[in-house]
Amino acid sequence: MKKMIFPRADHFQIPKALFIGAWKVWFKRFGDHNSWRKGKMPLGQSDEKLFQIIEKGDRFCVEVAARLMVPWSFRDISQVDKAFFLMNPDVIRQSKIENDIAGVRLTDQALDYWDSLTFLEQDMFTAYAEARIQADIETPSCEPVIVDDAGVVVIGEDIYPPIVPEKGASDETFAKALVAWIDEDPFTPMYQRVAVADTVSSWHDRLESFFWPKPRNGLMQVSHSADALMYRAEILARGIEEGVEWSEEDKELAVKTTEEIFLQAGTPQKEVTWENIRAVIKTALTKSEDSKAKMNSGWSLLASFATHWLNNQDDRTPMICWNSRTSTSILSRLDFLLVEAGYDGLEGRFAHLGVIPGWGGTRPREMSLKWPDGYRSWKTEIAASEFVNLMVLCLNNEKNENGSLKYAQMPIPTGGRAPWSMQGVQLVLFSDGY
């Protein structure tokens, strides 16, 4: 059996290598890394909501690790009942810790299985586990779940924007101002709120410094896996565009591709059916604002992957992955520019650009204007994509007085450069919004 089963999450399944990788990550992040193989982790069984457990500081326990493995709708329910151990006897076993505290350890079978994996596979699954911590942590509750330290940052103190539009300026002018500001603003790659590389500036250098979910997984490694998923998502999207009915093979491809996208992003979802996948991709292609298709930080990434081939096509808009990080980057900077331009309210500007809640790193950030909630909104997803597409056009077309391009072209992981795409821009924004 190569799957871990979570009976209290409607029997949701994950690769057992992912759970073992998470076990290793939890010891590294919150316990004694050197004892992960033979060490015991507190069970931490609780019927409290996830944010309540985290508020008490109980991150190093199987309960929290298990809840971050399952989709958001199950995260406020205890996952470590008797059935959990009965269903996964080859991976975990209960074992008392000192002072008679309920604990858990990995079985010898689990360790043997982990050791049988290649180093590449081990790195991949620990990265997937790390992504569960670094991603937007959604739960049924509105209260924040802050696994990493978070703090408030006031944008605009490091470098004043080189361009401040006049009040009433077009959306395109504000997009150009954002592009210029991000290009000049010094950026320090951060992990767990600690600098992990030298400070850089420019869109080009910011993208080259991208990593996910940890510094060792840089732009080349991330692109290697993402490109394969975007290729498959494009096949599915082109079929919808051409009015082709999906075959059984297409349906299987859709589910497998989407589940791998969620795995890489650290955003597990329930109801990953071919019908829901098709509805999301069709909505992304047609920009149907009132669609009832699934939408959150995970499904938004599927929309982005499935529309990447629309980059730089006239009258078409590839989708941005509008999660808490990209939302924070754009709205915190746009908020500052609007206030400096003389706005004391949105006054109808950027009506559907909405905030996606997220905590960790420098999020949430203080803002002066009251931005709407954009959580699970296709109107926000489409409006955000259209605005960021203005930034892409600026990066690819803005010129200096001598006719040369003002901004360096997008670096390609394998070498060389190309015109900026929505996906390249969103990686820069993703890091900027940490």
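None of these values were measured; they are calculated from a predicted model.

S.K.: Give a detailed account of the overall build of the chain, specifying residues and quantitative values.
M.R.: Helix and strand counts for the chain stand at 15 helices and 9 strands. Relative to the globule expectation of 22 Å for 434 residues, the C-alpha radius of gyration of the chain, 22 Å, shows essentially globular dimensions. Taking the principal axes of its C-alpha atoms as reference, the chain extends roughly 70 × 50 × 40 Å. Per-residue burial for the chain yields a buried fraction of 56% across its 434 residues. The contacts of the chain with a sequence gap of at least 6 include a subset with a gap of at least 24, amounting to 66%. Within the structure as shown, the chain displays about 19200 Å² of accessible surface, and the carbon and sulfur contribution to it stands at 48%. Within the chain, the 62 negative side-chain charges are centred at a point lying 5 Å from the centre of the 48 positive side-chain charges.

S.K.: Give me the lowdown on the side chain of Thr328, citing residues and values where you can.
M.R.: Residue placement: Thr328 occurs in helix H13 (residues 324-340). Excluding anything up to four places from it in sequence, Thr328 contacts Arg363, Arg365 and Gly433.

S.K.: An account of the pairing of strand S2 (residues 12-15) is needed here, citing residue identities and associated values.
M.R.: Looking down a regular strand, the side chains alternate between one sheet face and the other. Going residue by residue along S2, you find Phe12 and Ile14 tucked away on one face and Gln13 and Pro15 left uncovered on the opposite face. Here strand S1 (residues 3-6) hands over to S2 after 5 residues, with Asp10 in that stretch at a positive phi of 60°.

S.K.: Tell me about the sheet that holds strand S4 (residues 92-94), and please be specific about residues and values.
M.R.: The antiparallel open sheet is built from 3 strands, whose spatial order is S3-S5-S4. In this open sheet, the two strands that pair with only one neighbour each are strand S3 (41-42) and S4. Bridge analysis of S4 against strand S5 (residues 103-106) gives 3 bridges, and the strand direction is antiparallel. If you follow Gln94 over to S5, its bridge partner there is Val104.

S.K.: Talk me through unusual backbone geometry; I want residue IDs and the actual numbers.
M.R.: Peptide bonds are mostly trans, and most non-glycine residues show a negative phi. The linkage connecting Trp212 with the following residue, Pro213, adopts the cis geometry, with an omega of -5°. As for its position among the elements, Pro213 is in the loop between helix H8 (203-208) and helix H9 (219-241). In this structure, Glu347 is a non-glycine residue whose phi angle is positive, near 50°. When you line up the elements, Glu347 lands in the loop between H13 and helix H14 (378-397). Judged by its relative accessible area of 48%, Glu347 falls in the partly exposed class.

S.K.: An account of helix H15 (residues 422-432) is needed here, citing residue identities and associated values.
M.R.: With 10 of its 11 residues buried, H15 lies for the most part within the structure. Three or more residues of H15 are buried, namely Met422, Gln423, Gly424, Val425, Gln426, Val428, Leu429, Phe430, Ser431 and Asp432.

S.K.: Tell me about the pattern of salt bridges, and name the residues and values.
M.R.: Considering all chains together, one arrives at 21 salt bridges under this definition. Taking the shortest distance from any N to any O, the salt bridge between Arg376 and Glu138 comes out at 3.7 Å. Separated by 238 residues along the polypeptide, Arg376 in the loop between H13 and H14 and Glu138 in the loop between helix H6 (119-134) and helix H7 (171-184) bring together distant segments of the chain. Here Arg238 and Glu234 are joined by a salt bridge, their closest N and O atoms 2.8 Å apart. Remark: Glu234 and Arg238 occur in helix H9; sequence separation between them is 4 residues, near one turn of the helix. Classification of Arg238 by relative accessible area gives partly exposed; the value is 35%. Overlapping salt bridges bring together Asp185, Arg206, Arg333 and Asp432 as one network.

S.K.: Which residues make up the packing of helix H10 (residues 248-265) against helix H12 (residues 297-306), and what are the values?
M.R.: One can describe the packing of H10 onto H12 by two numbers: an axis separation of 10 Å at closest approach and a directional angle of 120°. Judged on the interaxial angle alone, H12 and H10 are oblique. At the point where H10 passes H12, the crossing takes the right-handed sense. Every residue of H12 that contacts H10 at Thr258, Ile261, Phe262, Gln264 and Ala265 is listed here: Gly298, Trp299, Leu301, Leu302 and Phe305. Here the contact of H10 with H12 is built from residues that sort into 7 nonpolar, 3 polar and no charged.

S.K.: So, the packing of aromatic side chains: which residues are in play, and what are the values?
M.R.: Any aromatic ring pair is given by two values, namely how distant the centres are and how the planes are angled relative to each other. Scanning the entire structure with this criterion turns up 18 aromatic pairs. Where Tyr160 meets Phe336, the ring centres are 6.0 Å apart and the plane angle is 75°; that geometry is what we call edge-to-face. With Tyr160 in the loop between H6 and H7 and Phe336 in helix H13, this pair connects stretches of sequence that are 176 residues apart. Accessibility expressed as a relative area gives 45% for Tyr160, which makes it partly exposed. Looking at Phe336, the relative accessible area reads 17%, which means it is buried. Here the aromatic cluster, defined as three or more aromatic residues joined through ring pairs, consists of Phe6, Phe19, Phe84 and Phe85. Sitting above the plane of the Trp181 ring, Arg333 keeps its charged end 4.7 Å from the centroid.

S.K.: Describe the packing of H13 against H15, with residues and values.
M.R.: Viewed as axis vectors pointing N to C, H13 and H15 meet at an angle of 80°, and their least axial separation amounts to 7 Å. If you check the angle between H13 and H15, you find them roughly perpendicular. Facing H13, whose interface residues are Arg325, Thr326, Ser329, Ile330 and Arg333, H15 presents Gln426, Leu429, Phe430 and Asp432. Of the residues belonging to the contact of H13 with H15, the class tally is 3 nonpolar, 3 polar and 3 charged.

S.K.: Residue-level account of H9, with values.
M.R.: Those residues of H9 lying buried are Leu219, Val222, Ser223, Ala226, Leu229, Met230, Ala233, Glu234, Leu236, Ala237, Gly239 and Ile240. Gly243, located one to two residues past H9, shows a positive phi value of around 75°.

S.K.: Give a detailed account of the nonpolar core, specifying residues and quantitative values.
M.R.: Counting 51 residues, the largest nonpolar core has Phe6, Phe19 and Trp26 as its most contacted members. Sorting elements by how many residues they give to this core places helix H1 (residues 16-30) first, with 10 residues.

Rules behind the numbers
- Residues numbered from 1 in each chain as written.
- Predicted model: local features only at pLDDT ≥ 70, side-chain atom pairs only at ≥ 80, totals over all residues.
- Heavy atoms only, no water.
- Helix = DSSP H or I, 4+ residues; strand = E, 2+ residues; numbered from the N terminus.
- Rg over C-alpha atoms; globule rule 2.2 N^0.38 Å.
- Buried < 20%, exposed > 50% of the residue type's maximum accessible area, 1.4 Å probe, protein only.
- Contact = heavy atoms within 4.5 Å.
- Areas by Shrake-Rupley, 256 points an atom, 1.4 Å probe, with all protein chains shown as cover.
- Lys, Arg positive; Asp, Glu negative; His and termini not counted.
- Charge placed at Lys NZ, Arg CZ, Asp CG, Glu CD.
- Pairing = 2+ DSSP bridges.
- Salt bridge = Lys/Arg side-chain N within 4 Å of Asp/Glu carboxyl O.
- Axes fitted to C-alpha atoms, helices over the stretch in contact; angles between N-to-C directions.
- Parallel < 35°, antiparallel > 145°, perpendicular 65-115°, else oblique.
- Left-handed = near helix turned anticlockwise from the far one by under 90°.
- Nonpolar A, V, L, I, M, F, W, Y, C, P; charged D, E, K, R; others polar.
- Phe/Tyr/Trp six-rings, centres within 6.5 Å; stacked < 30°, edge-to-face > 60°.
- Lys NZ or Arg CZ within 6 Å of the ring centre and 35° of its normal.
- Core = buried A, V, L, I, M, F, W, Y, C linked by side-chain atoms within 4.5 Å.

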